[in-house]
Amino acid sequence: MQRRDFLQRSAAGGIGLALSGSVVTGATTTAAAAEATPDGYEPLGRVEITGAAEAVVGDDGETVYLAATDGFATVDISDPSEPAVLEERFPLEVDDRPFREILDVKVDGDRLVVAGPANQRDDDVFHGFELYDVSDPADPVAVGDPYETGYHIHNCFLADDLLYVVANGEEANPLVIFDVSDDEIEEIGRWSLVEHEPEWQEVYWLARYNHDVYVHDEIAYLAHWNAGTYLIDVSDPTDPEYRSRVLDLDLDETLDLADDEAQIGLPGNDHYSAVDDTGDLLAVGREAWATGGDEPDGPGGIDLYDVSDPSAPEPLSSIDAPPADDASYYGEEWTTAHNFELRDGRLYSSWYQGGVKIHDVSDPADPEELVHWRDTDVAGFWTARVAEAGDTFVASSTPLIPGAETEGALYTFPTDASEGLLDSIPGFTGVAGVAGLAGGAVALEWLRRDRDGDDR
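Residues numbered from 1 in each chain as written. Predicted model: local features only at pLDDT ≥ 70, side-chain atom pairs only at ≥ 80, totals over all residues. Heavy atoms only, no water.

### Here we look at the sheet that holds strand E25 (residues 340-343)
One open sheet holds the five strands; their spatial order is E1-E28-E27-E26-E25, and the pairing between them is antiparallel. Edge positions in the sheet fall to strand E1 (35-37) and E25, since each has one partner strand and no second. Across this sheet, the average inter-strand angle for adjacent strands is 15 degrees, counted without regard to direction. For E1 and strand E28 (residues 368-374), the ladder comprises three bridges, and the chain directions are antiparallel. Bridging across to E28, Thr37 finds its partner in His372. (Pairing = 2+ DSSP bridges. Helix = DSSP H or I, 4+ residues; strand = E, 2+ residues; numbered from the N terminus. Axes fitted to C-alpha atoms, helices over the stretch in contact; angles between N-to-C directions.)

### Comments concerning a negative patch on the surface
Among the surface-exposed residues, Glu93, Asp95, Asp96, Asp145, Asp160, Asp161, Asp182, Asp183, Glu184 and Glu186 lie close enough to one another that they form a single negatively charged patch. Within the element layout of this structure, Asp182 appears in the loop between strand E15 (175-179) and strand E16 (186-191). Taking the relative accessible area as the measure of exposure, Asp182 reaches 44% and is therefore partly exposed. (Patch = residues over 30% accessible without salt bridge, like charges linked within 9 Å, V, L, I, M, F, W, Y side chains within 5 Å. Areas by Shrake-Rupley, 256 points an atom, 1.4 Å probe, with all protein chains shown as cover. Salt bridge = Lys/Arg side-chain N within 4 Å of Asp/Glu carboxyl O. Lys, Arg positive; Asp, Glu negative; His and termini not counted. Charge placed at Lys NZ, Arg CZ, Asp CG, Glu CD. Buried < 20%, exposed > 50% of the residue type's maximum accessible area, 1.4 Å probe, protein only.)

### Points about the sheet that holds strand E3 (residues 55-57)
Taken together, four strands build an open sheet; the order of strands is E3-E4-E5-E6 and the sheet is antiparallel. This sheet does not close on itself; its edge strands, each paired only once, are E3 and strand E6 (84-89). The sheet shows a mean angle of 20 degrees between the axes of neighbouring strands, taken without regard to direction.

### A few points about the environment of Glu199
Relative to the helices and strands, Glu199 is located in the loop between helix H2 (193-196) and strand E17 (212-216). You can call Glu199 partly exposed: its relative accessible area is 34%. For the pair formed by Glu199 and Asp252, sequence separation is 53 residues and the distance between their alpha carbons is 10.0 Å.

### Remarks on the nonpolar core
Tyr164, Val213, Tyr230, Leu282 and Ile302 are the most contacted members of the largest nonpolar core, which has 46 residues in total. Those residues in contact with Tyr230 that sit more than four places away from it in its chain are Trp191, Leu193, His196, Glu197, Trp200, Ala220, Tyr221, Leu222, His224, Tyr242, Ser244 and Arg245. Membership of the second largest hydrophobic core comes to 27 residues, among which are Ala67, Ala118, Trp334 and Ile401. (Core = buried A, V, L, I, M, F, W, Y, C linked by side-chain atoms within 4.5 Å. Contact = heavy atoms within 4.5 Å.)

### With respect to the pairing of strand E9 (residues 104-108)
In terms of burial, E9 is a largely internal element, four of the five residues being buried. Note that E9 and strand E10 (residues 111-116) share five bridges and pair antiparallel. Residue pairing for E10: Lys106 is matched across the bridge by Val113. Taken together, E9 and the strand that follows it, E10, pair antiparallel across an intervening segment of two residues, in which Gly109 is found at a positive phi of about 65 degrees.

### With respect to the side chain of Ser81
Looking at the element boundaries, Ser81 is found in the loop between strand E5 (72-76) and E6. A residue is classified by how much of its surface remains accessible, and Ser81, at 13% relative accessible area, is buried.

Next comes the structure, spelled out in structure tokens:
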């Protein structure tokens, strides 16, 4: 059973991921509980969000919106040492049907989109998306009627009243574009890999999966698993056009692999892609695990490309995943690349139980790691996003890793490594400060969520 199958079955089976009361805790523990480079770098704060998945930051830089499996949550990070839940909406329903497996949300201005289910499923749940007015993040208001697509939505992107949706099925894996400028939502365009290159239809559909979409300056970046990452011109959203792609596993090589190998192991596995502020630097993350096959074999990393000419991408460098004792899918220690953000010459990345990292990519041919923090037993990071103010980034931890005991939560971190040290962390005084000093470093011990033995 692979990741998508696991999430599908767990959502259908009700594994106890509905949002519960959220708490913020801060206490001391030994430095051995977590690993940090440089020494002493630690989170600023944490708030529990059961079922947490993707997180995005609002334009104000002070509000975070989280997908939470059975719904969504909004969190105030204006004081990053004390993130506070503003609102939780769960469990969501549409026309008396459950709206489940919500693993992605996106925000643009005062508009939030909530989409799902993230995976193909046979039970009677709502398939589509809802829009909310979040001008008051503590009181999101539904805008118009929910839009039913009839297909699952693993990820989406919202920008300038256009919603870009990955629409996967066994026959095709198109990008679909909607006009959401008013209450009458309308599909206005689509682009399909199997129409552009029909031969890819011969491949197992999860090995050509359109996993994620990112849009910048009228270019959509589609992470199409083993088919590569496609650059699609969406300057005319009614008529998207192919520009180029980056690829490290061709069609014949994919066809030679067994279905599970094509889906799980390297090379290939283009999972998430994004560009920097200029649009010149593209990062492609590969979600992969060790399969016991030929090299490369292990957790996927992040590759950097020069896309200053979108028609001719050029490879620059690669960033390896953190090590794992057992890097297989069921090894209970996932350290493969997940979601990330490029901002102002830095790459903020998440690696599930491998933690979070900051790299200096001002010279993308030679990226330099600045910060690495992980707590393998507790945190499994889904994403890393920069707050608009630029001195904080956030990372959501998910409980959805098979066999692991990671918890659903939102963490806040300083963007400057020196600000993670004892004398710079807001709120770490008194007993906590003294205990941390005695231990030689500040560390955080989080209130662990009680869970039944079978709730995975």
